[in-house]
Amino acid sequence: MFHERRINIKTPAEIKIMREAGRINATVLAKVKELLQPGVTTADLNAAAEEVLKSYGCVSPFKGYGHPPFPSSITVSINDEMVHGIPNLKRKLKDGDVVSIDCGTVYQGYVADSAFSAGVGQVSQEAQTLLEVTEAALHAGIAQMRKSRRTGDISAAIQKYVESHGLHVTREYTGHGVGKDMHEGPQVPNYGAAGTGLPLKPGMTIALEPMVLVGTYETRVLPDKWTVVSADGSLTAHFEHTVAVTEGEPQILTVL
Ligand code: MG
Ligand code: MG
């Protein structure tokens with residue numbers, strides 16, 4: 001079903017570099033979060049992110065990625081836009097919006113990948129619940145990132161948590177290994193069965209990223225060939241961390 005990419009086990013020295021990449025990425029996201037208010041354009045958010053990246057001598061792996069090449073360093077996805085929204089000078093944030101920001105950082109040849117969603121001003125109760133459930137689902141997945149567990153344990157934990165709140169997980173977009181490449185193996189879907197999939201090993205670094213929808217799990221891609229929206233126009237949210245499997249506790253790399 002999914003094209004399986006190579007899994008690269010990282011040495012402690014490589015994980016140390018990825019931790020630095022993750023710290024820088026978290027700094028970028030913190031800056032963007034500060035700016036979330038009505039009237040700010042999505043292009044303004046991208047410009048602020050690029051300024052922080054530049055101050056560290058880093059770039060985002062998003063820029064120029066794919067076909068057509070993604071034009072920006074972050075993705076900004078609003079309300080029914082789930083992921084891959086393209087920053088735009090004309091698109092202004094409004095009170096009550098749910099905004100999802102995804103950013104990657106390349107530092108010394110290694111990638112960190114992380115995303116968050118947040119409300120602009122005052123959001124609805126539905127939006128608030130969506131945000132809380134999606135972030136908690138990410139942490140439910142991270143808790144499974146232990147030696148001897150399997151990728152399906154992560155998938156099942158995310159799906160179970162989200163569906164127990166009456167919400168839906170995407171079927172087409174998945175978490176993924178990350179390292180020198182933004183997308184490595186293993187692929188980690190946001191749904192699945194516990195006890196299935198690949199065994200986790202220390203040195204695996206995986207970007208887990210639950211994408212959650214209020215109405216149904218169906219999505220479609222807009223004519224810009226990037227922006228993924230919920231098929232029914234319902235609200236969506238997205239949280240992501242790059243996490244290392246260790247001999248013990250999972251290590252979240254994309255924090256300050
Ligand atoms: Mg991402
Ligand atoms: Mg990712």
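Note: the structure precedes this text.
Treat the numbers as computed from the prediction; the structure is a model and nothing was measured.

A.B. asks: Can you break down the coordination of the magnesium ion (ligand 2) residue by residue, with the values?
C.D. replies: Tetrahedral metal sites with four donors have an ideal angle of 109.5 degrees; octahedral sites with six donors have ideal angles of 90 or 180 degrees. Within the protein, Asp-113 (OD), His-176 (NE2), Glu-209 (OE) and Glu-240 (OE) serve as the donor atoms for the magnesium ion (ligand 2), at 2.1 to 2.2 Å. When the donors of the magnesium ion (ligand 2) are listed by position in the chain, the intervening gaps give D-x62-H-x32-E-x30-E. A separation of 3.2 Å is found between the magnesium ion (ligand 2) and the magnesium ion (ligand 1), which are bridged by Asp-113. Note that His-176 is positioned in strand β6 (residues 175–177) and Glu-240 in the loop between β12 (236–238) and β13 (241–244), a separation of 64 residues in sequence. The two residues His-176 and Glu-240 agree in class, both being buried.

A.B. asks: Tell me what's going on with the environment of Ser-55, and back it up with residues and numbers.
C.D. replies: You can see Ser-55 is positioned in helix α2 (residues 42–55). Residues Ser-55 and Leu-208, spaced 153 residues apart in sequence, show a C-alpha to C-alpha distance of 27 Å.

A.B. asks: Can you lay out the side chain of Thr-151 for me, pointing to particular residues and giving the numbers?
C.D. replies: Mapping Thr-151 onto the fold places it in helix α4 (residues 151–163). In this structure, Thr-151 is in contact with Pro-186, Val-188, Thr-196, Gly-197, Leu-198 and Leu-200, ignoring residues within four places of it in sequence.

A.B. asks: Describe in detail the coordination of the magnesium ion (ligand 1), supporting the description with residues and values.
C.D. replies: In the first shell of the magnesium ion (ligand 1), the protein supplies Asp-102 (OD), Asp-102 (OD), Asp-113 (OD) and Glu-240 (OE), at 2.0 to 2.4 Å from the metal. Counting the intervening residues between successive donors of the magnesium ion (ligand 1) yields the motif D-x10-D-x126-E. A relative accessible area of 3% means that Asp-113 is categorised as buried. The buried category is assigned to Glu-240, whose relative accessible area is 1%.

A.B. asks: Any details on unusual backbone geometry? Residues and values, ideally.
C.D. replies: Geometrically, the link from His-67 to Pro-68 is a cis peptide bond, its omega value of -5° lying close to zero. Residue Pro-186 is reached from Gly-185 by a cis peptide bond, and omega for that bond is -5°. Not every positive phi belongs to a glycine, and Gln-108 is a case in point at roughly 45°. Unlike most non-glycine residues, Ser-148 shows phi in positive territory, near 80°. Locating Ser-148 in the fold gives a position in the loop between α3 (125–142) and α4.

A.B. asks: Tell me what's going on with the packing of α3 against α4, and back it up with residues and numbers.
C.D. replies: Between α3 and α4, whose axes approach to 8 Å, the crossing angle comes to 155°. Taken together, the axes of α3 and α4 are roughly antiparallel relative to one another. In the packing of α3 onto α4, the handedness of the crossing is right-handed. Contact with α3, carried on its side by Val-133, Ala-136, Ala-137, Ala-140 and Gly-141, involves Ile-154, Ala-157, Ile-158, Tyr-161 and Val-162 of α4 and no other residues of that element.

A.B. asks: Residue-level account of the packing of aromatic side chains, with values.
C.D. replies: By the definition in use, this model includes one aromatic pair. Both rings, one in Phe-70 and one in Trp-226, keep their centres 5.2 Å apart while their planes meet at 85°; by these two values the pair is edge-to-face. Pair noted here: Phe-70 is in the loop between α2 and β1 (74–78) and Trp-226 is in the loop between β10 (219–221) and β11 (228–230), with a separation of 156 residues, a long-range link. Phe-70 sits in the buried class, given a relative accessible area of 3%. The cationic tip of Arg-171 hangs over the ring face of Tyr-191; the distance from NZ or CZ to the ring centre is 4.9 Å.

Procedures and definitions
Residues numbered from 1 in each chain as written. Chains lettered and ligands numbered in written order. Predicted model: local features only at pLDDT ≥ 70, side-chain atom pairs only at ≥ 80, totals over all residues. Heavy atoms only, no water. Donors = N, O, S within 2.8 Å, 3.2 Å for Na, K, Ca; no water. Helix = DSSP H or I, 4+ residues; strand = E, 2+ residues; numbered from the N terminus. Buried < 20%, exposed > 50% of the residue type's maximum accessible area, 1.4 Å probe, protein only. Contact = heavy atoms within 4.5 Å. Axes fitted to C-alpha atoms, helices over the stretch in contact; angles between N-to-C directions. Parallel < 35°, antiparallel > 145°, perpendicular 65-115°, else oblique. Left-handed = near helix turned anticlockwise from the far one by under 90°. Phe/Tyr/Trp six-rings, centres within 6.5 Å; stacked < 30°, edge-to-face > 60°. Lys NZ or Arg CZ within 6 Å of the ring centre and 35° of its normal.

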